[in-house]
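# A structural walkthrough
What follows is each chain in one-letter form.
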Amino acid sequence: MADETTRLATAAAPDGTTDVPEHLRRELEEAFERTVGGEGRVEPRDWMPEGYRRTLIRQVAQHAHSEIIGMQPEGNWILRAPSLRRKAILLAKVQDEAGHGLYLYSATETLGVDRGELTEKLISSKQKYSSIFNYPTLTFADIGVIGWLVDGAAICNQVPLCRSSYGPYARAMVRICKEESFHQRQGFELLRTLMAGTEAQRAMVQDAVDRWWWPSLMMFGPADGDSPNTQQSMAWRIKRHTNDELRQRYVDMSVPQAEALGVTFPDPELRWNAERGSYDFGAIDWDEFTAVVKGAGPCNAQRLAHRRAAHENGQWVRDAASAYAAKQEARRREGVAA
Ligand code: FAQ
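Bear in mind the structure is a predicted one, so any value in this text is a computation, not a measurement. (Residues numbered from 1 in each chain as written. Predicted model: local features only at pLDDT ≥ 70, side-chain atom pairs only at ≥ 80, totals over all residues. Heavy atoms only, no water.)

### Some points on the overall build of the protein chain
- Along the backbone of the protein chain there are 14 helices and 2 strands.
- Over its C-alpha atoms the protein chain spans a radius of gyration of 22 Å, differing by no more than 12% from the 20 Å that the globule rule assigns to 338 residues.
- For the protein chain, the spread of C-alpha atoms along the principal axes amounts to about 75 × 55 × 30 Å.
- Looking at the protein chain as a whole, 48% of its 338 residues qualify as buried.
- Counted over contacts in the protein chain with a minimum sequence separation of 6, partners at least 24 positions apart contribute 76%.
- Accessible surface for the protein chain amounts to roughly 17000 Å². Of this, 55% is attributable to carbon and sulfur atoms.
- Measuring between centres, the 42 positive side-chain charges of the protein chain sit 5 Å from its 46 negative side-chain charges. (Helix = DSSP H or I, 4+ residues; strand = E, 2+ residues; numbered from the N terminus. Rg over C-alpha atoms; globule rule 2.2 N^0.38 Å. Buried < 20%, exposed > 50% of the residue type's maximum accessible area, 1.4 Å probe, protein only. Contact = heavy atoms within 4.5 Å. Areas by Shrake-Rupley, 256 points an atom, 1.4 Å probe, with all protein chains shown as cover. Lys, Arg positive; Asp, Glu negative; His and termini not counted. Charge placed at Lys NZ, Arg CZ, Asp CG, Glu CD.)

Rendered as structure tokens:
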């Protein structure tokens, strides 16, 4: 907790704004730096630099959008799950992703932005969501591979975010990571079941792994030299590791799991480097990454159109909730006046 920072901010701006007199700004900045540098947590009422607030809104909103758009690839298989057990598991997982989106939108609200505003930015393509969700789910093996590789990458990226300097984000991540770990295990269990099945089922798993491996490596973002945000985000302890560090950790973690499963990754350059104590791997196709992020992936148009339609179809729910809240407020005022 940044008690000192809070006290200063309150003294400087009792109305809660960040528009503080110049002579106190330096003191506030130093207190903020001390909090972040000392592994303290920045909380919503604390003074924070505008750049820190904007960076958090950008990252957490992109993360929230990813969870919500990320429901679609797996949602595609709910009606076609091969058994009641698989359907129940898949339904629960997709619902969990919706919950993650909601925790994260709530975290952004503590930074002064409204969820409605962020949704507008998503459906008008002014804000991004993760590239990974622009690929199609062609077979039921994709469901297992998303659990294993996509949730696996999400965990690798997100466990360090549990120590992010912004309190509401870090706390949301603790809960999300617990659920993502469970998702990963269910994906692995599904794949083990398929691998113990017929030759055709094993081939279906390998085909899914071949299609998802490279996009899952792209989830970690551009290479460090091309990542404009990493340096500042690490200095503010929003991010705790660079994109490449986490990508390497993910490769090292995934190779033994692939061996245990009996599948291979589609990378002829993947091999153990004893000197580095890590796996070397081939070059990522950054042209593909850029194209997908810019909207030219196989499913970008479909994902956004679906999200837009869901938003429009939900208008009556928002209208009803607003009318109900207005009625409650009017009653409360009448009660106070009486
Ligand atoms: N896709 O300077 P950096 C999940 C953008 S949740 C699209 O390196 P930063 C759960 C980036 O925003 C998956 N865009 O940026 C699940 C920036 O754009 P901007 C989402 C990408 O922020 C599982 C620009 O490129 N996870 O999977 C991507 O320092 C299964 C330059 O990049 C999170 O969001 C990308 N892959 O590092 C759900 C985790 N990568 O805004 C359903 C939190 C980068 O400057 C089913 N986020 N960009 O125009 C993070 O850790 C970071 O934001 C990074 C990017 C690492 C994603």
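Moving on, there is more to tell.
### Things to note about the site of the ligand
- The full set close to the ligand counts 35 residues, and Gln62, Lys128, Ser227, Lys239 and Asn243 are the nearest of them.
- Taking Asn157, its side chain carries an N or O atom lying 3.1 Å from an oxygen atom of the ligand.
- One nitrogen or oxygen atom from the side chain of Lys239 is found 2.7 Å from an oxygen atom belonging to the ligand.
- Taken by itself the ligand offers 1100 Å² of open surface, and the protein chains cover 92% of this.
- Mapped by element, the contributors of at least two residues to the shell around the ligand are helix H3 (50-69), helix H5 (84-109), helix H7 (141-158), helix H8 (167-195) and helix H12 (286-296).
- Tallying contributions element by element places H3 first for the shell around the ligand, with 6 residues. (Near = heavy atom within 4 Å. Polar contact = N/O pair within 3.5 Å; in protein donor to acceptor, adjacent residues only side chain to side chain.)

### Focus: the pattern of salt bridges
- Going through the model one piece at a time under the given rule, you end up with 18 salt bridges.
- For the salt bridge of Asp280 with Arg276, the shortest nitrogen-to-oxygen distance reads 2.8 Å.
- A salt bridge links Glu329 to Arg333; the shortest N-O distance between them is 3.2 Å. Taken together, the residues Glu329 and Arg333, both in helix H14 (residues 315-337) and 4 residues apart, mark about one turn of the helix.
- Here Arg333 falls in the exposed class, since its relative accessible area comes to 55%.
- Residues participating in the shared-partner salt-bridge network are Glu74, Lys93, Glu97 and Asp151. (Salt bridge = Lys/Arg side-chain N within 4 Å of Asp/Glu carboxyl O.)

These values are about where atoms sit, not about what they do.
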